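Given next are the chains, with one letter for each unit.
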Amino acid sequence: MDLHELTIEQAKKGLEKKEFSSVDLVNAMLDRIDRLDGDIGAFITVDRDGAQNRAKEADIRISNGEASKLPLLGIPLALKDLLCTKGVKTTCASKILENFVPQYDATVVSMLKDAGAVIVGKTNLDEFAMGSSTENSGFHITKNPWNKEHVPGGSSGGSAAAVAARMCTAALGTDTGGSIRQPASHCGVVGIKPTYGRVSRYGLVSYASSLDQIGPITKDVTDSAILLNVICGHDPLDSTSANIETPDFTQAITKFKTDGLKGMKAGIPKEFLSLKGLDPDVEAAFNNSKKILQNLGVEMIEVSLPQTDYAVAAYYVIAPSEASSNLARFDGVRYGFRDRSADNIIDMYKKTKSKGFGAEVQRRIITGTYALSAGYYDAYYGRATRVRAMIRDDFDRAFESCDLIISPVAPTPAFKIGENVDDPLTMYLTDIFTLSTNMAGLPGISVPCSISSNGLPIGLQIMAKRFDEISLIKAGYGFEQSLGLKERFPNI
Amino acid sequence: MKITQKDVEYIAHLSRLEVDETLVDKFAEQISSILQYIDKLKDADVSGAALMAGAALENNVFRQDEVKASPGPDVTLSNAPERHEDFYMVPRVVG
């Protein structure tokens, strides 16, 4: 098997048995990037020298017998370019941070490095994670490796495309309203948005702090469990990080092997199925997924999430409101781009932001500022946060009668590049299945479940109770094994 | 809620943005359609619902009030667009 095809689990075994070295593995990825990324555009920065040096160090540590202690020793990973990396440019796909070099690593980056990982590069995204297609990057668009006329989804489109094109063994993304799960679905890979608080956000450049969460994008469910084991845990540097025990997530796979999924109940929200605009292929794939889970012994029940109709509206008040506050820090004073033509400070702020931020970011800042302004605060932000509480309560009630909730990830497979660019509202509505879990703080996984009639991947979303990633992984793994999709990756 | 070009310019000013002339029209139209959609929140029955500002576990987070090492001015100021000694330089603020 070619080295770029290996999962983390397989690569780790090969490295331990000295079948190949970390330098071989990393060079295989760098060669793929050289060959394919000019066309796909998954990366913003490739840290060739850094990766090769880290791989050499990893090989020394492997020969010193350290591999068994370090779960990612010598494994090449990519990071969404929203995660701070010490000494390596972190742009957030924005002109305003084009030359920003962080002085520190995000907590997740330190954790990956401590586990021995080799970071090959930083991946493309919608600017500051604002978007669902990676077309809003300030630098270039990313293409879907399955069909380059289509988007890879977003905002973690670069990470999902890099994993699907096997230009890295696995990657990290971030998810504020679906930004891990939707691109994972569109690119035919696995993505997990963990429970809010499971993973430290320290060093993640904030978009909407009460919704943002970092998670893995991988070739299969096992690899996601392996990465979660490394990146989860309490961090005193993030006050919203949960101070609770981190289980061994790979135990979920052992659990499936011994117990299967018998006795589990999955809820299907009736409001999701009555939504208009569901693509027939997505609907068929979802119905087939239900059958597969039923064959594994999962009982299907109907549940109700009555606030579904208000979820997108509430989300698009809360997220831009938080963004308008978070992005105020990019004022040209402490870091990033500064416009030098202004002769007073207010003018400098205005010119810096207007030249540095792209249209979607400016649109969200204006919408958020409007929603938070005197006279409108109660009608917009106040109401939206109350609807948010009701969404959380809906899920809590639904989970009284089931262990999982399942749905499609997105209403359609990946759309064509340029199809929705001028219509932000239509783009926002595509987040309907994913954003409620962010509102409620729940974990969710996207697992590949089908290929559409025009050859594009479709994902199944499984959601679970707060801090119950074990059930997600168990069900996701069981589903993946039982489905046995033949065409797992694009033929490139 | 429909907003005008003038509204866009005013909110942009509050946000310390200067929207490009060619975009003001488009923004007014796009943000109006977003706000019209968001207006459906007015139909939601939120009576009795509490505010939910975040999804974190609801507990206070304390730490010891200890002095810790700082990275120092050179590291801290390494991304400063303009620096004078150990200070950030900005254009004139007063007058």
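Report follows, based on the coordinates. (Residues numbered from 1 in each chain as written. Chains lettered and ligands numbered in written order. Predicted model: local features only at pLDDT ≥ 70, side-chain atom pairs only at ≥ 80, totals over all residues.)

1. Some points on the overall build of chain B
Phase 1 of the analysis: Of the regular secondary structure elements, chain B holds three helices and two strands.
Phase 2 of the analysis: In terms of overall dimensions, chain B has C-alpha extents of about 55 × 45 × 25 Å along its principal axes.
Phase 3 of the analysis: Going through the 95 residues of chain B one by one, you find that 20% of them count as buried. (Helix = DSSP H or I, 4+ residues; strand = E, 2+ residues; numbered from the N terminus. Buried ≥ 20, exposed ≤ 12 C-beta atoms within 10 Å, placed from the backbone.)

2. Notes on helix α12 (residues 345-356) of chain A
Phase 1 of the analysis: Look at α12(A): 16 Å from first C-alpha to last across 12 residues, which is about the 16 Å you get at 1.5 Å a residue.
Phase 2 of the analysis: Inspection of α12(A) places A:M348, A:Y349, A:K350, A:T352, A:K353 and A:G356 among the buried residues, and these make up the whole buried set. (Expected span 1.5 Å × (residues − 1).)

3. Concerning the environment of A:D220
Residues and elements named next belong to chain A.
Phase 1 of the analysis: With respect to the secondary-structure elements, D220 resides in the loop between β6 (213-218) and α7 (221-231).
Phase 2 of the analysis: Once the C-alpha coordinates of D220 and E9 are considered, the two residues, 211 residues apart in sequence, prove to be 9.8 Å apart.
Phase 3 of the analysis: In contact with D220, other than residues within four places in its own chain, are T7, V190 and E480. (Contact = placed C-beta atoms within 7 Å.)

4. Remarks on the interface of chain A and chain B
Phase 1 of the analysis: With 55 residues of chain A in contact, the opposing surface of chain B contributes 44 residues.
Phase 2 of the analysis: When contributions to the side of chain A that touches chain B are tallied by element, the ones reaching two or more residues are α11 (308-326), α12, α13 (359-372), α14 (378-398) and α15 (424-429) of chain A.
Phase 3 of the analysis: Of all the elements, α14(A) adds the most residues to the side of chain A that touches chain B, at 10 residues.

5. What about the sheet that holds strand β4 (residues 170-175) of chain A?
Residues and elements named next belong to chain A.
Phase 1 of the analysis: The 11 strands lie next to each other as β1-β3-β2-β4-β6-β5-β10-β11-β9-β7-β8, forming an open sheet whose pairing is mixed. The sheet is open, and its two edges are formed by β1 (43-46) and β8 (299-303), each paired on a single side. Going across the sheet, the axis of each strand differs from the next one's by a mean of 30 degrees, ignoring polarity.
Phase 2 of the analysis: As defined by bridge partners, strand β2 (residues 76-80) adjoins strand β3 (residues 118-123) across five bridges and the pair is classed as parallel. Of the residues in β3, the one forming a bridge with K80 is T123.
Phase 3 of the analysis: Packed onto the sheet, helix α5 (residues 157-164) meets β1, β2, β3, β4, β5 (190-193) and β6 and runs at close to 155 degrees relative to β4. (Pairing = 2+ DSSP bridges. Axes fitted to C-alpha atoms, helices over the stretch in contact; angles between N-to-C directions.)

6. A look at the packing of α11(A) against helix α2 (residues 21-38) of chain B
The relative placement of two packed helices is expressed as an angle between their axes plus a distance between the axes.
Phase 1 of the analysis: Where α11(A) meets α2(B), the closest approach of the two axes is 9 Å, and the angle between their N-to-C directions is 125 degrees. Viewed along their axes, α11(A) and α2(B) adopt a mutual orientation that is oblique. Residue-level inspection shows A:A313, A:Y316 and A:V317 of α11(A) in contact with α2(B), the latter providing B:I34, B:Y37 and B:I38. (Parallel < 35°, antiparallel > 145°, perpendicular 65-115°, else oblique.)

7. With respect to helix α2 (residues 22-40) of chain A
Residues spaced three or four apart along an α-helix face the same direction, because each turn holds 3.6 residues.
Residue and element names in this part refer to chain A.
Phase 1 of the analysis: Along α2, the largest kink reaches about 40 degrees and is centred on D34.
Phase 2 of the analysis: All of the buried residues in α2 are S22, L25, V26, A28, M29, L30, R32, I33, D37 and I40.
Phase 3 of the analysis: In the core, the buried residues of α2 are packed alongside α1 (8-16), β1, α3 (48-63), β2, β3 and α5.
Phase 4 of the analysis: Two residues or fewer after α2 comes G41, characterised by a positive phi angle close to 75 degrees. (Bend = angle between axes of the 7 residues up to and from the residue.)

8. Some remarks on unusual backbone geometry
All names here are of chain A.
Phase 1 of the analysis: Cis geometry is found at the peptide bond from G154 to S155, where omega equals 10 degrees.
Phase 2 of the analysis: Counting through the fold element by element, S155 comes out in the loop between β3 and α5.
Phase 3 of the analysis: Positive phi, normally seen in glycine, also occurs at A93, with a value near 55 degrees.
Phase 4 of the analysis: Within the secondary structure layout, A93 lies in the loop between β2 and α4 (107-114).
Phase 5 of the analysis: What makes A93 buried here is the crowd of 33 C-beta atoms within 10 Å.
Phase 6 of the analysis: Unlike most non-glycine residues, T134 shows phi in positive territory, near 65 degrees.
Phase 7 of the analysis: Assessed through the 34 C-beta atoms surrounding it within 10 Å, T134 is described here as buried.

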